[in-house]
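Notes for the structure review
Each chain, letter by letter, is given below.
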Amino acid sequence: MSGRRLTFLPWLIDFVKLKMSRVMVARSPAAERNKQPILEVLLQHIKQDEKYNALEIASGTGQHVVHFAPHFPNVVWQPTEYDQESMESTCGYVAALNSKSVKLPLSVDAAAPVSEWGKGEFQPKSFDIILNINMIHIAPWNAAMGLFRGAGVLLKSEGLLFTYGPYKFHGVLTPESNVNFDRNLRARCNQWGVRDVDDLEILAKENGLSLIKTIGMPANNHTLIFKKD
């Protein structure tokens, strides 16, 4: 399994089809719940008096990027996806938003060489922000490796990588609900699972980034903020 293939599992995420801009889009209740807490983190760490380019890896349904964009008129957002159905959903949300600050999604397999992302459209050191929500635990480890490799190439100096999801800390996973979630993930695919922040820090250092902040979030999740050297 290469990269991140979004799988529509009733126990993992409940998708409800909606009709927007003549395109069928998906609605994720989880994205509806976490989009505002994540936005509040972004508002605390992204300045609004400078122009920025932001890349979202694994945009999922597209609900996050269209929720964030109106709050950052100074940011141009580039969503991406690997799963075709999710790509179509993101297209629908972006079309409905009708904002020049949000581009149509491009195809990105996080595990692929960075030179292949977006059909080679991304230039080194061209992004100020990279955002990755709920991908690392439902993708093979090589997708996480690719994410940090891409951040090392594409982020400008002092650029930020935000990742969100459940994590282990120093080999310990809590609470029990996250332990059960991890067990279910691994039963579904032995290449999936909740990752340890220690391992992500190693990937970060290998690619010229440092973990600068860990923020507790609702539902036993965390936002990790990495900074490019």
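Please read these numbers as outputs of a predicted model, since none were measured by experiment. (Residues numbered from 1 in each chain as written. Predicted model: local features only at pLDDT ≥ 70, side-chain atom pairs only at ≥ 80, totals over all residues. Heavy atoms only, no water.)

**Examining the overall build of the chain**
- Each helix and strand in the chain was counted, giving six helices and eleven strands.
- Evaluated residue by residue, the chain yields a buried proportion of 53% over its 229 residues.
- The long-range share in the chain, meaning contacts at least 24 apart out of those at least 6 apart in sequence, stands at 72%.
- As displayed, the chain offers around 10500 Å² of accessible surface, 51% of which is attributable to carbon and sulfur atoms. (Helix = DSSP H or I, 4+ residues; strand = E, 2+ residues; numbered from the N terminus. Buried < 20%, exposed > 50% of the residue type's maximum accessible area, 1.4 Å probe, protein only. Contact = heavy atoms within 4.5 Å. Areas by Shrake-Rupley, 256 points an atom, 1.4 Å probe, with all protein chains shown as cover.)

**Points about the layout of surface pockets**
- Approximately 270 Å³ is the volume found for the second largest pocket.
- When residues of the lining of the second largest pocket are traced back to their parent elements, those giving at least two are β6 (127–133) and β7 (155–165).
- With five residues, the single largest contributor to the lining of the second largest pocket is β7.
- Looking at the lining of the second largest pocket residue by residue, the class counts come to five nonpolar, three polar and six charged. (1 Å grid on protein atoms, 1.4 Å probe; cavity = no way out; pocket = protein on both sides within 12 Å on 5 of 7 lines; lining within 4 Å. Points joined across faces, edges and corners; volume = space filled by probe spheres on them. Nonpolar A, V, L, I, M, F, W, Y, C, P; charged D, E, K, R; others polar.)

**A closer look at the packing of aromatic side chains**
- Applying the stated criterion across every chain, the model contains four aromatic pairs.
- An angle of 45 degrees between the planes, with centres 6.2 Å apart, marks the rings of F68 and W77 as tilted. Each member of the pair, F68 as well as W77, carries the same accessibility label: buried.
- Ring pairing ties together the aromatic residues F68, F72 and W77, which thus form one cluster. (Phe/Tyr/Trp six-rings, centres within 6.5 Å; stacked < 30°, edge-to-face > 60°.)

**Let's talk about the pairing of β7**
- Of all eleven residues that make up β7, eight are buried, and the element is covered over most of its length.
- Direction of pairing for β6 relative to β7: parallel, over a ladder of six bridges. Of the residues in β7, the one forming a bridge with I130 is L161.
- Crossover β6 to β7 through helix α4 (residues 141–154) is right-handed.
- Taken together, the six bridges between β7 and strand β11 (residues 221–228) define a ladder with antiparallel strand orientation. (Pairing = 2+ DSSP bridges. Right-handed = clockwise from strand over helix to strand, strands pointing away.)

**So, the sheet that holds β6**
- Pairing is mixed across the open sheet formed by seven strands, whose spatial order is β5-β4-β3-β6-β7-β11-β10. The sheet is open, and its two edges are formed by β5 (106–107) and β10 (209–217), each paired on a single side.
- The pairing of β10 with β11 spans eight bridges and is classified as antiparallel. Its bridge partner lying in β11, S210 is registered against K227.
- Across the sheet, α4 lies against β3 (52–57), β6, β7, β10 and β11, angled at about 155 degrees from β7, the strand it touches most. (Axes fitted to C-alpha atoms, helices over the stretch in contact; angles between N-to-C directions.)

**Brief notes about the side chain of T223**
- Of note, T223 is situated in strand β11.
- Discounting residues that sit within four places of it in the chain, T223 has contacts with V41, F162, T163, Y164, K213, T214, I215 and M217.

**Re the confidence of the model for the chain**
- Mean pLDDT over the chain works out to 91, with 90% of the residues at or above the 70 mark.
- A low-confidence stretch, residues 1–17 stays under pLDDT 50, and its non-local contacts, those more than four residues away or across chains, total 59 contacts. (pLDDT = per-residue confidence, 0-100.)

**Let's talk about helix α5 (residues 176–188)**
- Taking 1.5 Å per residue, 13 residues should reach 18 Å; α5 reaches 18 Å between its end C-alpha atoms and fits that length.
- Residues of α5 that are buried: N178, D182 and L185. What you see down the axis of α5 is that its buried residues fit within an arc of 60 degrees, all on one side. (Expected span 1.5 Å × (residues − 1). Arc of directions from axis to C-beta.)

**As for the pattern of salt bridges**
- Across all of its chains, the model carries four salt bridges by this definition.
- Here K35 and E32 are joined by a salt bridge, their closest N and O atoms 3.1 Å apart. Here E32 and K35 lie together in helix α1 (residues 29–45), a separation of three residues that amounts to about one turn.
- Classification of K35 as buried rests on a relative accessible area of 16%.
- For E32, a relative accessible area of 28% translates into the label partly exposed.
- Of the charged contacts, one joins D128 and K156 as a salt bridge, the two residues approaching to 3.4 Å between their closest N and O atoms. (Salt bridge = Lys/Arg side-chain N within 4 Å of Asp/Glu carboxyl O.)

**Topic: the nonpolar core**
- If you look at the biggest cluster of nonpolar residues, it comprises 30 residues, and the most contacted ones within it are I57, I130, M135 and L161.
- Among the secondary structure elements, those contributing two or more residues to this core are β3, β6, α4, β7, α6 (197–206) and β11.
- Here this core takes six residues from α4, the largest share from any one element.
- Each residue touching I130, except ones within four places of it in the same chain, is listed here: L55, I57, L147, G150, A151, L154, L155, L160, L161 and F162.
- Of all hydrophobic cores here, the second largest spans 27 residues; its members include I38, I46, V75 and L131. (Core = buried A, V, L, I, M, F, W, Y, C linked by side-chain atoms within 4.5 Å.)

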